[in-house]
Amino acid sequence: MTLKLYNTLTRSVEELKPSNPDHVVRMYCCGPTVYNYAHIGNLRTYVFEDILRKTIKRAGFALKHAMNITDVGHLTSDADEGDDKMLLAAEKEKLSVLEIARKYEDTFFKHTAALNIERPDIVCRATEHVEDMIKFIKKLEDNGYAYVSNGNVYYDTAKFPRYGCLSGQNREDLKHGSRVEQDTNKRNPSDFVLWFTISKFKDQILQWDSPWGRGYPGWHIECSTMAMKYLGEHLDIHCGGVDHIAVHHENEIAQSEGYLGHKWCNCWMHGEFLQMKDQKMSKSKGNFITLDTLVEKGYLPEHYRYLCLTSHYRSSLVFSYDNLDAAANTYRNLLNKYKEFGQANDGSSERSEELYTKYLEEFDSYMFDDLKTPQALAVMWAVIKDKEMSAQDKFKFLNNIDVLLGLGLAKNLALENAQNTEIPAEIMALVEERKQARLNKDWAKSDEIRDLLASKGFIVKDLPKNEVEISIA
Ligand code: AMP
Ligand code: ZN
């Protein structure tokens, strides 16, 4: 089946046709800046990219998928202005910059795994590719796209006539509409830094030697360099959130095509933002909700994933706890149905098999048409309600589509079954004793009972309001 995807560059839905002779689809996704937790808005973008990854595979393509980790160089504004995010976090948490980076990278992968997001085939850290970036900038300089001004190296956007092609703005518009405070070292307002040696960050801890002096790379150069290193000169898909269109991705195109001398990436895909009802969620301002916040409130990560799928990736999605509650209820119904169908023993029939095939085709046709998840979910509910289909075929259908949707049905059912196994009275008595100890703020006793329970094979997890969850180790 053909897979059609919306391309921001051409503003149209196009058929995916791998550009390399080996027919392997090469996809690059901008990864997290690891100076703080990824918020649920960031995670919406990674859910979209995971759905894309799985749909590409479902459509029969081989895929090579790379993602970077920004552990150096991203300032609080996309346009080379503001403070160094990593440095601010390190100062605040009294850790080294690299300790901060590794801490939040680990948490990022814990959160994405909890959301059933598969790890990209290649994960590459900016700090481990600085030599490659220096070589890249050197070639841009040789090709006449870079200049040195007051110690920093800049990209000269006037030399790249296509600058602005992705956002549909020409350089003149960018000049007038520029929200960026003027850097007087730049020749043009849309120029950007490839390599910093002189900047306001005298205390920048991570620094490297370079032909232009000791310093560190600008943010944009890491993506062009690492995408090319791991995926070659012809990229099929490049993804990120919509906020990257106007600056970061324009800059990536200018760098990569200035380097290569030919077109770099065919299809640019962007996920719309998750909006908060009242305010903008911002990682740099720290006013955000993480996946842990949701789990602490008793939601499953899959409740949030389900909420994401109810809206098309190109539509903005408003987050509220009412919306999440609705998604959680729907998910609970889905899991109950899945359980019921899994216990049935009603075989199949010719008609039921026919319906199974028809629904599967319908489901795939929506997913292969620019990832229409809301319509695909509607097909799933039609299957659940269909009176002519056998329960066994419904179970088979749900297992089939969950490979793509990643709603963790089998996993959560197994967990639920494990939780429902009876807990011996002796264990329950210890749990109660521990609860009492916690009420008395006797933490030593509480820890002692927790260890005793663990030695008997039971794990207690503390929930709000002195409630606990007991699981079998
Ligand atoms: P960052 O770690 O800030 O570089 O962002 C990681 C990814 O999340 C990028 O692809 C951003 O475009 C995306 N992103 C940032 N804020 C939001 C949001 N509110 N909703 C959806 N995606 C977002
Ligand atoms: Zn990027």
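Bear in mind the structure is a predicted one, so any value in this text is a computation, not a measurement. (Residues numbered from 1 in each chain as written. Chains lettered and ligands numbered in written order. Predicted model: local features only at pLDDT ≥ 70, side-chain atom pairs only at ≥ 80, totals over all residues. Heavy atoms only, no water.)

Undergrad: Which residues make up the overall build of the protein chain, and what are the values?
TA: When its secondary structure is counted, the protein chain shows 16 helices and 15 strands. Of the contacts made within the protein chain by residues no fewer than 6 positions apart, 76% connect residues no fewer than 24 positions apart. Accessible area for the protein chain stands at about 21,000 Å²; split by element, carbon and sulfur atoms hold 50% of it. Side-chain charges in the protein chain split into 60 positive and 71 negative, and the spacing between the mean points of these groups amounts to 1 Å. (Helix = DSSP H or I, 4+ residues; strand = E, 2+ residues; numbered from the N terminus. Contact = heavy atoms within 4.5 Å. Areas by Shrake-Rupley, 256 points an atom, 1.4 Å probe, with all protein chains shown as cover. Lys, Arg positive; Asp, Glu negative; His and termini not counted. Charge placed at Lys NZ, Arg CZ, Asp CG, Glu CD.)

Undergrad: Residues and numbers for the coordination of the zinc ion (ligand 2), please.
TA: At 2.0 to 2.5 Å from the zinc ion (ligand 2) lie its protein donor atoms, namely Cys30 (SG), Cys223 (SG), His248 (NE2) and Glu252 (OE). Around the zinc ion (ligand 2), the four donor atoms sit at angles spanning 78 to 133 degrees, and that spread fits a shape best called irregular. Each donor residue of the zinc ion (ligand 2) lies on one chain, and together they are spaced C-x192-C-x24-H-x3-E. Placement of the pair is His248 and Glu252 together in helix H7 (residues 245-260), with a separation of four residues, close to one helical turn. Neither residue differs from the other here; His248 and Glu252 are each classed as buried. (Donors = N, O, S within 2.8 Å, 3.2 Å for Na, K, Ca; no water. Tetrahedral: all angles 85-135°; square planar, octahedral: opposite > 155°, others 65-115°. Buried < 20%, exposed > 50% of the residue type's maximum accessible area, 1.4 Å probe, protein only.)

Undergrad: Just give me the short version of the sheet that holds strand E9 (residues 216-217), but keep the residues and values in it.
TA: An order of E6-E7-E8-E9 is seen for the four strands of this open sheet, with the pairing classed as antiparallel. Strands at the two margins of the open sheet, each flanked by one partner only, are strand E6 (146-149) and E9. (Pairing = 2+ DSSP bridges.)

Undergrad: Report on the pairing of strand E1 (residues 4-7), specifying residues and quantitative values.
TA: Relative to strand E2 (residues 12-15), E1 runs antiparallel, the two being bridged by four bridges. Residue pairing across strands places Asn7 opposite Ser12, the latter belonging to E2. Between E1 and E2, which pair antiparallel in sequence order, lie four residues; one of them, Arg11, sits at a positive phi of approximately 55 degrees.

Undergrad: Talk me through the site of ligand 1; I want residue IDs and the actual numbers.
TA: For ligand 1, the set of nearby residues contains 16 residues, the closest of which are Gly41, Thr45, Asp243, Leu274 and Lys283. In the model, an oxygen atom of ligand 1 is placed 3.0 Å from a nitrogen or oxygen of the Gly241 main chain. Considering ligand 1 on its own, with 490 Å² of exposed area, one finds that the protein chains cover 94% of that surface. Elements that contribute at least two residues to the shell around ligand 1 include exactly helix H1 (40-58) and strand E10 (235-241). Its residues assigned to classes, the shell around ligand 1 shows four nonpolar, nine polar and three charged. (Near = heavy atom within 4 Å. Polar contact = N/O pair within 3.5 Å; in protein donor to acceptor, adjacent residues only side chain to side chain. Nonpolar A, V, L, I, M, F, W, Y, C, P; charged D, E, K, R; others polar.)

Undergrad: Explain the nonpolar core residue by residue, including any values.
TA: Grouped together as the largest cluster of nonpolar side chains are 135 residues, with contacts concentrated most on Ile237, Tyr304 and Phe397. Domain assignment of the residues forming this core places at least three in each of domain 1 (4-271) and domain 2 (298-411). Setting aside residues no more than four positions away along its own chain, Ile237 makes contact with Leu5, Leu16, Val25, Arg26, Met27, Tyr28, Leu52, Ile56, Cys265, Cys267 and Met269. (Core = buried A, V, L, I, M, F, W, Y, C linked by side-chain atoms within 4.5 Å. Domains from an automatic or database assignment.)

Undergrad: A description of the packing of aromatic side chains should follow, citing residues and the corresponding values.
TA: Under the criterion given, the structure shown has 16 aromatic pairs. With 4.9 Å between their ring centres and 90 degrees between their planes, Tyr37 and Tyr104 make a pair best called edge-to-face. Of this pair, Tyr37 sits in the loop between strand E3 (25-29) and H1 while Tyr104 is found in helix H3 (residues 97-114), placing the two residues 67 residues apart along the sequence. Classification of Tyr37 by relative accessible area gives partly exposed; the value is 29%. (Phe/Tyr/Trp six-rings, centres within 6.5 Å; stacked < 30°, edge-to-face > 60°.)

Undergrad: So what about the sheet that holds E10? Which residues, and what values?
TA: As summarised here, the arrangement of the five strands in space is E5-E4-E3-E10-E11, forming an open sheet in which the pairing is parallel. Edge positions in the sheet fall to strand E5 (122-125) and strand E11 (265-271), since each of these pairs with one other strand and no more. For this sheet, the mean angle separating the axes of adjacent strands, direction not counted, is 20 degrees. With three bridges connecting them, E3 and E10 associate as parallel partners. (Axes fitted to C-alpha atoms, helices over the stretch in contact; angles between N-to-C directions.)

Undergrad: Now, about the packing of helix H6 (residues 220-231) against H7: what can you tell me, with residues and values included?
TA: Close contact between H6 and H7 brings their axes to 9 Å; oriented N to C, the two are set at 50 degrees. When the axis of H6 is compared with that of H7, the two are oblique. In this structure, the crossing between H6 and H7 has a hand that is right-handed. Contact with H6, carried on its side by His220, Ile221, Cys223, Ser224 and Met228, involves Val247, His248, Asn251, Glu252, Gln255, Ser256, Tyr259 and Leu260 of H7 and no other residues of that element. (Parallel < 35°, antiparallel > 145°, perpendicular 65-115°, else oblique. Left-handed = near helix turned anticlockwise from the far one by under 90°.)

Undergrad: Hey, could you go over unusual backbone geometry for me, with residue numbers and the actual values?
TA: Its identity as a non-glycine residue notwithstanding, Asn150 has a phi of 50 degrees, on the positive side. Relative to the helices and strands, Asn150 is located in the loop between E6 and strand E7 (152-155). Residue Asn150 is classed as partly exposed on the basis of its relative accessible area, which comes to 48%. Of note, the phi angle at Leu371 is positive, near 55 degrees, even though the residue is not glycine. Mapping Leu371 onto the fold places it in the loop between helix H11 (350-367) and helix H12 (373-385). Classification of Leu371 as buried rests on a relative accessible area of 2%.

Undergrad: Quick one: what's the story with the environment of Cys30, residue by residue and with numbers?
TA: Mapped onto the elements of the fold, Cys30 is located in the loop between E3 and H1. The spacing of Cys30 and Gly241 is 211 residues in sequence and 8.5 Å in space, taken between C-alpha atoms. The contacts of Cys30, once residues within four sequence positions are left out, are Tyr46, Met67, Asn68, Cys223, His238, Cys239, His244, His248, His249 and Glu252.

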